[in-house]
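Each chain, written out:
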Amino acid sequence: MFDYKKFETDLVAAMENTLRNWAEEYDDLYIMSLDCARDMTSVGFIANTQQHLEEEADADDEDYWYYKYCEDEWELFEAGGQAKEISIYMKQYIEENDVRFTNPDTFEFTEEFEAHCDQMIDACEQAVRRLRQSVHQDFPKLLLAFNIREYLDAEARAVFFASVNNKEASQEYAVHLEDFE
């Protein structure tokens, strides 16, 4: 049985450590995202700095929102260290349950996998919420996000973003979501 609570707690610690390490080197972090693989075998942390954003696009550029909110264009990515340790046990669990999680005839995910996926998403979202609480005093303006590429739709991403960020940023994110999705 996968320990979702341990997973959540490990994510919080790993994200906080990564954030604090990045903050020692970069004083203009404005956003951090938890990125989870659709097959639930790995996680990574992605962040961007104001300087990198300004190097990519001016605020009045047509593609500004793309560079501001699209994780693929951000400067910092961490999949090693604690993220790698978490990914190892995520992948191990999937491999141990391959027969239950993948239909051998269609190679599609099973309902059992989808139930696991739902619990993983809940744990990831809760981890980001807990991160918000633990770092809010030191990083009050930091925006937080959660993404599973090619899986979470725009509405789900916007709803989650609004649950962990201020109203102004949440409205901006929702209005420009199609620019960077």
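What counts and what doesn't
- Positions within a chain are numbered from 1, following the residues in the order the chain's sequence is written.
- For this predicted model, a pLDDT threshold of at least 70 governs which residues receive local features, and a threshold of 80 or more governs which side-chain atom pairs are given and counted, while totals over whole chains, interfaces and linings are taken from all residues.
- Values shown for side chains rest on all heavy atoms present in the structure; no hydrogens or waters enter the calculation.
- Elements are defined by DSSP. Helices are runs of H or I of four residues or more, strands are runs of E of two residues or more, and each kind is numbered from the N terminus.
- What a helix is expected to span follows from its residue count: subtract one and scale by 1.5 Å.
- The classification of residues rests on relative accessible area computed with a 1.4 Å probe and restricted to protein chains. Under 20% of the type maximum is buried, over 50% is exposed, and intermediate values are partly exposed.
- Throughout, a residue-residue contact means that at least one pair of heavy atoms, one from each residue, lies within 4.5 Å.
- Counted as a polar contact is a pair of N or O atoms within 3.5 Å, where, for protein atoms, one must be capable of donating a hydrogen and the other of accepting one, and residues adjacent in sequence contribute only when both atoms are in side chains.
- In this description, a nonpolar core means a group of buried Ala, Val, Leu, Ile, Met, Phe, Trp, Tyr and Cys residues linked to one another through side-chain atoms lying within 4.5 Å.
- Here a cavity denotes grid points, spaced 1 Å and computed from the protein atoms alone, that fit a 1.4 Å probe unable to get out, and a pocket denotes an open set having protein on both sides within 12 Å along at least 5 of 7 lines; residues with an atom within 4 Å of a point are the lining.
- Grid points are joined across faces, edges and corners, and a volume is the space filled by probe spheres set on the points.
- Ten residues, namely Ala, Val, Leu, Ile, Met, Phe, Trp, Tyr, Cys and Pro, are considered nonpolar, four, namely Asp, Glu, Lys and Arg, are considered charged, and the remaining ones, Gly among them, are considered polar.

Trainee: I'd like to hear about helix α1 (residues 4-25), residue by residue, with values.
Mentor: Look at α1: 32 Å from first C-alpha to last across 22 residues, which is about the 32 Å you get at 1.5 Å a residue. Within the span of α1, buried status applies to Tyr4, Phe7, Glu8, Leu11, Val12, Ala14, Met15, Glu16, Thr18, Leu19 and Trp22. Looking at the packing, one finds that the buried side of α1 touches β1 (29-36), β2 (43-49), β3 (76-78), α4 (81-96) and α6 (111-135). With a side-chain oxygen positioned 3.3 Å from the backbone nitrogen of Lys5, the residue opening α1 is Asp3.

Trainee: Can you break down the nonpolar core residue by residue, with the values?
Mentor: Judged by nonpolar contacts, the single largest core of 42 residues is most densely connected at Phe7, Leu11, Met15, Met32, Leu34, Phe45 and Phe146. Secondary-structure elements contributing two or more residues to this core are α1, β1, β2, α4, α6, β4 (143-147) and α7 (154-164). With 10 residues, the single largest contributor to this core is α6. Excluding its chain neighbours within four sequence positions, the residues that come into contact with Phe7 are Phe2, Val43, Ile86, Tyr89, Met90, Met120, Ala123 and Cys124. Counting 17 residues, the second largest nonpolar core, distinct from the first, contains Ile31, Leu53, Phe161 and Leu177.

Trainee: Would you mind going over the pairing of β4 in detail, with residue names and values included?
Mentor: If a strand is regular, its side chains alternate between the two faces of the sheet. Burial runs high along β4: 5 of the 5 residues are buried. Burial along β4 is two-sided: the residues Leu143, Ala145 and Asn147 and Leu144 and Phe146 are all buried.

Trainee: I'd like to hear about the layout of surface pockets, residue by residue, with values.
Mentor: Its volume calculated, the second largest pocket comes out at about 150 Å³. Looking at the second largest pocket, the residues that line it are Tyr30, Lys68, Tyr69, Lys141, Leu143, Asn166, Glu168, Ala169 and Glu172. Those elements that provide at least two residues to the lining of the second largest pocket are α3 (64-69) and α8 (167-180). It is α8 that provides the largest number of residues to the lining of the second largest pocket, a total of 3 residues. For the lining of the second largest pocket, a count of residues per class yields 4 nonpolar, 1 polar and 4 charged.

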